[in-house]
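Observations on the model geometry
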Amino acid sequence: MLEPEKTYTDLNTSARILLGPGPSMAHPRVLRAMATPLVGHLDPQFLQVMTDVQELLRYAFQTHNHLTIPVSGTGSAGMEAALCNFLEPGDRALVAVMGYFGERLVEMAARYGAQVERIDAPWGQVFDPQEVIDVLKQQPYKLLALVHAETSTGAAQPGIAEIAAAAHAQGTLVVLDTVTSLGTMPVTIDEWDVDVAYSGSQKGLSCPPGLAPLTVNERARAALRARKTPVANWYLDLMAVENYWGETRTYHHTAPISMNFALREGLRMLAEEGLEARWARHRQNAEALWTGLEDLDLPLLVEPPYRLPALTTPRLAPGIEDLPVRKTLLNEYNIEIAGGFGPLAGKVWRIGLMGHSSRKENVVMLLGALREILNR
Ligand SMILES: Cc1ncc(COP(=O)(O)O)c(C=O)c1O
């Protein structure tokens, strides 16, 4: 008989102020919703929760897409679903890479057997939409994938509608990563005519990680039905998953019930606040943070028009030690921010103001704490 190695204490984690690239702070209302007693995943009451979540997600994404669901899993599961369903071995895919999550798209698309080509923008910069359009015109691609809000750099790709129109003219589907943009800045899927978009529950939606909102338009659904080979990922196969989330409600896998309670509450709060007010709040708090950081001699990596309201990347002045400052913030002030990675490792911090974390008091607290630490 194997015995437990010790007596384990009650969970006793600190009340952190989460100002990193995600997860952001879950709203107390979301946490309360998660404590709701379970019902079965085919209980009529849960089916109603599913319908509510789908309707609210359509609002969040600004879409009428019927196939709008929370994929079970984190943002990467959404990314995986967005690629594995629309790529078959040998398909040509183009990925516009301007940071780490673009790299992840390249890696995933290749694993599904696609012939992946990439274009790159330096980390911290964005593509001139025309640059992407010119490459799209060179040859037919099945799919173009790009990140709207690159959390590794703090940059927002402009011109999504323009890029999508050019892609469609070539018969190319557009997959857009909105993990950090959904619920923090304008994301208008129907207006932009994006075919497939995915996100995560743990950033702008003020929920814990665990669900990946996904929306798929009719053009992409037709491509799905025209596949010659089965989707290589059983769990994320949308033709099966959509039966559970569609009319028949046929069992596919057991939905994470409590996470759907959470998402419903996070989305209900988004609807109460209203998208435009939500975007304005994120913008306002980000601007206060930007001014405060510049006052502390921490210039920002990204040019103003392309800055994400949800994620700011101040450059570390010479002499500032990345890790010791972040450790002090965490240990003495209970505030979490993150460092850069890849080419930005040791060069920037990544400060998130997303969802319930995007509040004036958090901006003031962080700037005050940084001022104290840097003046020591
Ligand atoms: C832009 C972007 N895409 C994808 C992901 C992956 O999401 P997850 O870590 O929830 O799997 C993240 C996570 O930070 C992200 O910021």
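Reading the values: the criteria
- For every chain, the first residue of its written sequence is number 1, and the numbers climb from 1 along that sequence.
- pLDDT decides what is reported in this predicted model: residues at 70 or higher carry local features, side-chain atom pairs at 80 or more are listed and counted, and totals for whole chains, interfaces and linings draw on all residues regardless.
- For helices the rule is a DSSP run of H or I covering at least 4 residues; for strands it is a run of E covering at least 2, with both sets numbered from the N terminus onward.
- Think of it this way: DSSP has to see at least two bridges between two strands before they count as a pair.
- Where each domain begins and ends is defined by an automated method or by a domain database.
- Contact criterion: two residues are in contact if their C-beta atoms, reconstructed from the backbone, are within 7 Å.
- Polarity classes work like this: nonpolar for Ala, Val, Leu, Ile, Met, Phe, Trp, Tyr, Cys and Pro, charged for Asp, Glu, Lys and Arg, and polar for all others, with Gly in that last group.
- Lines are fitted to the C-alpha atoms to define the axes, a helix being fitted only along its stretch in contact, and any angle between axes, read from their N-to-C directions, falls within 0 to 180 degrees.
- Throughout, the term roughly parallel applies to angles under 35 degrees, roughly antiparallel to angles over 145, roughly perpendicular to angles from 65 to 115, and oblique to all others.
- Note on convention: near helix rotated counterclockwise from far helix by under a right angle means a left-handed crossing. Clockwise means right-handed.
- Residues are counted as near a molecule or strand when the C-beta atom, derived from backbone positions, lies within 6 Å of that molecule or strand.
- By our criterion, buried Ala, Val, Leu, Ile, Met, Phe, Trp, Tyr and Cys residues that link up through C-beta atoms within 7 Å make up a nonpolar core.
- Counting other C-beta atoms within 10 Å of its own, a residue is labelled buried from 20 upward, exposed at 12 or fewer, and partly exposed in the gap between, with every C-beta atom placed from the backbone.

Considerations on unusual backbone geometry
In this structure, Pro23 follows Gly22 across a cis peptide bond, with omega equal to 5 degrees. Structurally, Pro23 can be placed in the loop between strand S1 (17-18) and helix H1 (28-34). With a phi close to 55 degrees, Arg249 is a non-glycine residue in the positive phi region. Position of Arg249 among the secondary structure elements: in the loop between helix H9 (238-245) and helix H10 (257-273). Unusually for a residue other than glycine, Asp297 sits at a positive phi of about 65 degrees.

Notes on the sheet that holds strand S14 (residues 349-352)
In space, the 3 strands of this open sheet follow the order S11-S14-S13, with antiparallel pairing throughout. Each edge of the sheet is formed by a strand with only one pairing partner; in this case those strands are strand S11 (311-312) and strand S13 (338-339). As paired strands, S11 and S14 are joined by 2 bridges and run antiparallel to one another. The residue bridging Leu311 from the neighbouring strand is Gly352, located in S14.

Focus on the domain arrangement of the protein chain
Each assigned domain of the protein chain is listed with its residue range as follows: domain 1 (17-22 + 275-374) and domain 2 (28-271). Placing the centre of domain 1 and that of domain 2 at their C-alpha centroids yields a distance of 27 Å. Contact with domain 1, which involves 23 residues of that partner, is made by 24 residues of domain 2. Broken down by secondary-structure element, the contributors of at least two residues to the side of domain 1 that touches domain 2 are helix H11 (275-295) and S11. Broken down by element, the side of domain 1 that touches domain 2 gets its largest block of residues, 3 residues, from H11. Its residues assigned to classes, the side of domain 1 that touches domain 2 shows 13 nonpolar, 7 polar and 3 charged.

Topic: the packing of H11 against helix H13 (residues 360-374)
Direction vectors running N to C along H11 and H13 enclose 15 degrees, while the axes themselves pass 9 Å from each other. Viewed along their axes, H11 and H13 adopt a mutual orientation that is roughly parallel. Where H11 crosses over H13, the two elements pack in a sense that is right-handed. The residues of H13 that touch H11, namely those facing Asn285, Ala288, Leu289 and Gly292, are Lys360, Val363 and Leu367.

Quick word on the site of the ligand
As a matter of local geometry, the ligand sits amid 14 residues, with Thr74, Gly75, Ser76, Thr151 and Val179 nearest to it. Here the shell around the ligand gets 3 residues from one element, more than from any other, and that element is helix H3 (residues 75-84). The residue makeup of the shell around the ligand, split by class, is 6 nonpolar, 7 polar and 1 charged.

Examining the nonpolar core
With 113 residues, the main nonpolar core has Leu83, Ala93, Val95, Ala109, Ala145 and Val175 as its most contacted residues. Ranked by residue count, the leading element in this core is H10, at 7 residues. Both of domain 1 (17-22 + 275-374) and domain 2 (28-271) provide at least three residues apiece to this core.

Details of the environment of Asp193
Turning to its location among the elements, Asp193 is positioned in the loop between helix H7 (189-192) and strand S9 (196-198). Taking C-alpha positions, Asp193 is 10 Å from Val175, a pair spaced 18 residues apart along the chain. Once residues lying within four places of it in the same chain are set aside, the contact partners of Asp193 are Ala161, Ala164, Ala165 and His168.

As for the sheet that holds strand S4 (residues 115-120)
Strand order in the open sheet made by the 7 strands is S2-S10-S9-S8-S5-S3-S4, with mixed pairing throughout. The outermost strands of the open sheet, each flanked by one partner alone, are strand S2 (67-72) and S4. In this sheet, neighbouring strand axes are inclined to one another by 20 degrees on average, regardless of whether the strands run parallel or antiparallel. Relative to strand S10 (residues 211-216), S2 runs antiparallel, the two being bridged by 6 bridges. Paired with Ser72 across the bridge in S10 is Leu211. In the packing of helix H4 (residues 100-111) onto the sheet, contacts are made with strand S3 (92-97), S4, strand S5 (143-147) and strand S8 (173-177), and the angle to S3 comes to roughly 165 degrees.

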